[in-house]
Amino acid sequence: MAQAEWWQGGVIYQIYPRSFMDLNGDGIGDLAGIAARLDHLVALGVDAIWISPIFPSPMADFGYDISDYCAIDPMFGTIADFDALLAAAHGRGLRVLLDLVPGHTSDKHPWFRDSRSGRDAARRDWYVWRDPAPDGGPPNNWLSEFGGPAWTFDAPSGQYYLNIFLPEQPALNWRNPEVAEAIAGVMRFWFDRGVDGFRVDAFENLVMDAAFRNNPPNPEWTPPLGPARSLLGQHTKHQPELVAIAQAMRRVAAEYAPERLLIGEAYGEPEEVVRYYGPALDGFQQPFNFQLIGLDWTPAAVAEVINEYEAALPPGAWPNWVLGNHDRGRIASRVGPAQARVAMVLLLTLRGTPTIYQGDELGMENVPIPPDRVRDPWEINVPGHGLGRDPVRTPLAWEEGPGAGFTTGTPWLPIDTRPEVCVARQAGDPASMVAFTRRLLALRRAESALALGAVEVLHAGGGVLAYVRQAPDGGPRLAITLNFTGREQPLPEGLVGELVLSSRNANPDAGAPLAPDEARILRLRG
Ligand code: GLC
Ligand code: CA
């Protein structure tokens, strides 16, 4: 690979803006707060930030219900604050990615207000409207991801509109070219301001079966999965039209020099997700790869996913990896705090662009939310399934003390104020998770084997996963060895080399057995 793009060797850090840093004391993070804390990200050593939605929104789904795509919600600041943040980030060598939510607007968006004003409205066909079924009920059996039917009845016009998420998030009609053109305009608005790319929200749900056929039942469904999983997404997810939509979005990104980055959010099987690279790698540069996010934490399961995903990648496509985001349980809670470093080493040493979710560099865990403080509409609509996302969205703790340096007011969600999970304490402690993550990111930057090299799984068993990264120019080979257990494990045979990094706060002998929960990187001889 002669000329790597910045995002190939680079590392992305996801900011959930409500919970990053609150500068004006209203308990909710803001853009000025992000700008004030960029040094943390520079010290960490990431290349780009992706900021979850900051646009005007009634906040029914915390910003994923947008009422104006080309402005900033006053809660987060002003467009001047945004420009200042962008300049400050660029000044420190950090790229900035925004969240593009093309699948739905807020029901308060002027487009939808017009659309629902009557069957003859100019923008009626910008959303998905259908007549009721003969019995007056919803047009088909499609379900909302957040509970209940995916259809909301509009009495004045006698039709239903589609909402794949909340009724406050009416689905845009991507079969209408005017919608595609309007969203392209949104992309250009932010690209013209200097934004480096977008993460594209809920892409697998963007377009639906043209014949509106019922979804079939999911034979593997059990109640704990939640009602939305009781049907398969056959006619609502991963429809073939999506590839052309990814290509059209990429053409907009390619109008700019340097070309802007598009990361598509789509949950699915590897063969479904890799389609969005486009047949000639002319779709998203990075369709998110979530294969690790709900996986059994065993060497065999992880090895299988690595091999399966690498095999599914189209020739020349660049992979990416994710272990957490604002929708899924914290990795340190999923695998246990002792394994958090093993997980971070995995994320940052696999072949491909990693995205770190804010707080994972501190080993943040899911924070229990008392019933009277639940905010996530998913938990409110479908209680008791553990679907609520508040526990993973709690504010970052910057300092010790009640507001944790996050806010001088009352935080919108409870903060984990244990001193050991705050940035100040960890930054001053070379044995901390944050210090370890910094060392790992520095190593990734220094070693082309880690940033850009090939990968080969060597060993998965006995509680240990081992793989080798080989630098592109035939240069050094690094072996990554991960002990997934709390017991000492022998190093896989044949791994002879010198110690590069250990997750323990002591330097083990390169050939010594792996200590409990240890991740160790070796430079192989020869
Ligand atoms: C994506 C977002 C999630 C949001 C949903 C609807 O999955 O990550 O937070 O609720 O789309 O926009
Ligand atoms: Ca604020």
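Residues numbered from 1 in each chain as written. Chains lettered and ligands numbered in written order. Predicted model: local features only at pLDDT ≥ 70, side-chain atom pairs only at ≥ 80, totals over all residues. Heavy atoms only, no water.

The next thing to look at is the pairing of strand β14 (residues 477-483). In terms of burial, β14 is a largely internal element, six of the seven residues being buried. Bridging between strand β13 (residues 464-470) and β14 involves seven bridges; their strand directions are antiparallel. The partner of Ala466 across the bridge, within β14, is Thr481. Where β13 folds back onto β14 in an antiparallel hairpin, the turn is made up of six residues, including Gly474, whose phi is positive at roughly 75°. (Buried < 20%, exposed > 50% of the residue type's maximum accessible area, 1.4 Å probe, protein only. Helix = DSSP H or I, 4+ residues; strand = E, 2+ residues; numbered from the N terminus. Pairing = 2+ DSSP bridges.)

This part takes up the sheet that holds strand β15 (residues 497-502). Taking strand neighbours across the sheet as the criterion, the five strands line up as β12-β13-β14-β16-β15 in an open arrangement whose pairing is antiparallel. The strands lining the two open edges of the sheet, one partner per strand, are β12 (454-461) and β15. Across the sheet, the mean angle separating the axes of adjacent strands is 20° when strand polarity is ignored. Of the strand pairs in this sheet, β14 and strand β16 (residues 519-524) are connected by five bridges, and their pairing is antiparallel. Bridging from a neighbouring strand, Ile480 pairs with Ile521 of β16. Contacts from helix α11 (residues 340-349) reach β13, β14 and β16, with the element oriented near 150° to β14. Helix-sheet contacts for helix α14 (residues 433-446) involve β15 and β16, and the interaxial angle to β15 is about 135°. (Axes fitted to C-alpha atoms, helices over the stretch in contact; angles between N-to-C directions. Contact = heavy atoms within 4.5 Å.)

With that settled, the discussion passes to the domain arrangement of the protein chain. In terms of domains, the protein chain is made up of domain 1 (6-105 + 176-440), domain 2 (110-162) and domain 3 (454-524). Centre-to-centre separation of domain 1 and domain 3, based on C-alpha positions: 29 Å. Every contact between the two is made by 23 residues of domain 1 and, on the other side, 23 residues of domain 3. The largest contributions to the domain 1 side of the interface with domain 3 come from Pro299, Val342 and Thr349, which together make up 29% of the buried area. Here domain 1 and domain 3 share zero salt bridges between them. For the interface between domain 1 and domain 3, the tally reads seven residue pairs in polar contact (both at pLDDT 80 or more). When contributions to the side of domain 1 that touches domain 3 are tallied by element, the ones reaching two or more residues are α9 (299-312), α11 and α14. The dominant element in the side of domain 1 that touches domain 3, judged by the number of residues it contributes, is α9, at seven residues. Each residue belonging to the side of domain 1 that touches domain 3 can be placed in one class, and the counts come to 15 nonpolar, four polar and four charged. (Domains from an automatic or database assignment. Buried area = accessible area lost by both parts, 1.4 Å probe. Salt bridge = Lys/Arg side-chain N within 4 Å of Asp/Glu carboxyl O. Polar contact = N/O pair within 3.5 Å; in protein donor to acceptor, adjacent residues only side chain to side chain. Nonpolar A, V, L, I, M, F, W, Y, C, P; charged D, E, K, R; others polar.)

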